[in-house]
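Coordinate analysis (summary)
Below, each chain spelled out in residue letters.
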Amino acid sequence: MSDAPHFRKAAPGFRWQGVNVLEYKPEGSAPFRNITRQLLFGSTDLACELRYFEIAPGGHSTLECHEHEHAVMILNGSGACLVGRELRSVSAHDLVAIPAHAWHQFRASEGGPLGFLCMVNVDRDRPRLPDASDLESLRSNPVIAAFIRT
Ligand code: MN
């Protein structure tokens, strides 16, 4: 069950009443750059959370993989996203499905931020970071090698 109020007003700049702007992850726990997290919905009955992430220009999320899935809708800005071995440009209202065990990383454009909604299970496994052999495998594709940030 969720104890969130029924109604919360949006505020300018992708902020919401009563929603705190949080660190993406604890500092030093994983490589990432210039990204914030807001928990919009988190219901144990629904068994999922909806979060809003915002990556500042030039920033990136962690390159990681895990058992749990992500369902993502780009809300504003533009950037690029790696899912498995597929690298795509993304912009507002695009949908990105990240399946179990797929390596994934988001990057904002150099010229602007990338904001996206991400739905995820409440109960989920911890992300795994790439080891040397994972990186070697990912970097065997030159396009992926040029994209990833670790
Ligand atoms: Mn993830």
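Up top is the structure these notes are about.
The present account deals with the structure reproduced in this document. These numbers come from a predicted model, not from an experiment. (Residues numbered from 1 in each chain as written. Predicted model: local features only at pLDDT ≥ 70, side-chain atom pairs only at ≥ 80, totals over all residues. Heavy atoms only, no water.)

As for the side chain of Glu-49
Applicable threshold: Helix and strand labels come from DSSP, where a helix needs a run of H or I of at least four residues and a strand needs a run of E of at least two; each type is numbered from the N terminus. For each residue, the accessible area found with a 1.4 Å probe, counting protein chains only, is set against the maximum for its type, and the residue is called buried under 20%, exposed over 50%, and partly exposed in between. In protein, a polar contact requires one atom able to donate a hydrogen and another able to accept it; more generally it is a pair of N or O atoms within 3.5 Å, and residues adjacent in sequence count only if both atoms are side-chain atoms. Residues are treated as being in contact if the distance between any of their heavy atoms lies within 4.5 Å.
Following the sequence through the fold, Glu-49 ends up in strand β5 (residues 48-60). Residue Glu-49 is classed as buried on the basis of its relative accessible area of 16%. Among the polar contacts made by the side chain of Glu-49, one reaches the side chain of Arg-124 at a distance of 3.3 Å. Beyond its immediate sequence surroundings of up to four residues, Glu-49 is in contact with Leu-39, Phe-41, Gly-42, Cys-118, Met-119, Val-120, Val-122 and Arg-124.

Considerations on the nonpolar core
The nonpolar side chains of a soluble globular protein tend to be buried, and buried together. For clarity, the threshold we go by: Among buried residues, the Ala, Val, Leu, Ile, Met, Phe, Trp, Tyr and Cys ones that are joined through side-chain atoms within 4.5 Å form a nonpolar core.
Ile-55, Val-72, Ile-74, Val-96, Phe-106, Leu-114 and Phe-116 are the most contacted members of the largest nonpolar core, which has 18 residues in total. Going through the elements one at a time, β5, β6 (70-83), β8 (95-98), β9 (104-108) and β10 (114-121) are the ones with two or more residues in this core. In terms of residues, this core owes the most to one element, β6, which gives 4 residues. The residues contacting Val-72, other than those within four sequence positions of it, are Asp-94, Leu-95, Val-96, Ile-98, Phe-106, Phe-116, Leu-117 and Cys-118. Core analysis: the second largest hydrophobic core is formed by 10 residues, Leu-63, Cys-65, Leu-82 and Leu-135 among them.

Things to note about the coordination of the manganese ion
As a reminder, the rule being used: Note that water is not among the atoms used; donors are N, O and S atoms within 2.8 Å of the metal (3.2 Å for Na, K and Ca), so sites may look incomplete.
Surrounding the manganese ion are the protein donor atoms Glu-64 (OE), His-66 (NE2), His-70 (NE2) and His-104 (NE2), which sit 1.9 to 2.2 Å from the metal. On the primary sequence, the residues serving as donors to the manganese ion are separated as E-x1-H-x3-H-x33-H. Judged on exposure class, the residue His-66 and its partner His-70 are both buried.

Here's the deal with the environment of Val-143
For Val-143, the position within the fold is in helix α2 (residues 142-147). Under the relative-accessibility criterion, Val-143 is labelled exposed at 52%. Between the C-alpha atom of Val-143 and that of Pro-57, which follows or precedes it by 86 residues, the distance is 20 Å.

Details of the pattern of salt bridges
Rules: Here, a salt bridge means any side-chain nitrogen of Lys or Arg that lies within 4 Å of a carboxyl oxygen of Asp or Glu.
The tally for this structure, following the rule as stated, stands at 3 salt bridges. The residue Glu-49 makes a salt bridge to Arg-124 at a minimum N-O spacing of 3.3 Å. With Glu-49 in strand β5 and Arg-124 in the loop between β10 and α1 (132-139), this pair connects stretches of sequence that are 75 residues apart. Taking relative accessible area as the criterion, Arg-124 reaches 35% and is therefore assigned partly exposed.

Overview of α1
Formally: The arc in question is formed by the directions pointing from the helix axis toward the C-beta atoms.
For α1, the full list of buried residues reads Asp-134, Leu-135 and Leu-138. For α1, the arc enclosing every buried residue in end-on projection is 95°, short of the 170-degree limit, so these residues lie on one face. Those residues of α1 that are exposed and angled more than 90 degrees off the buried face are Ala-132 and Glu-136. In this fold, the buried residues of α1 make contact with α2.

Re the pairing of strand β7 (residues 86-91)
Moving residue by residue along a regular strand, the side chains alternate between the two faces of the sheet. Rules: Two strands form a pair only when DSSP identifies at least two bridges running between them.
Where β6 meets β7, 6 bridges bridge the pair, whose relative direction is antiparallel. Residue pairing in the sheet places Cys-81 in a bridge with Arg-88 of β7. Hairpin remark: β6 followed by β7, antiparallel, with 2 residues in the connecting loop; positive phi at Gly-84, about 65°.

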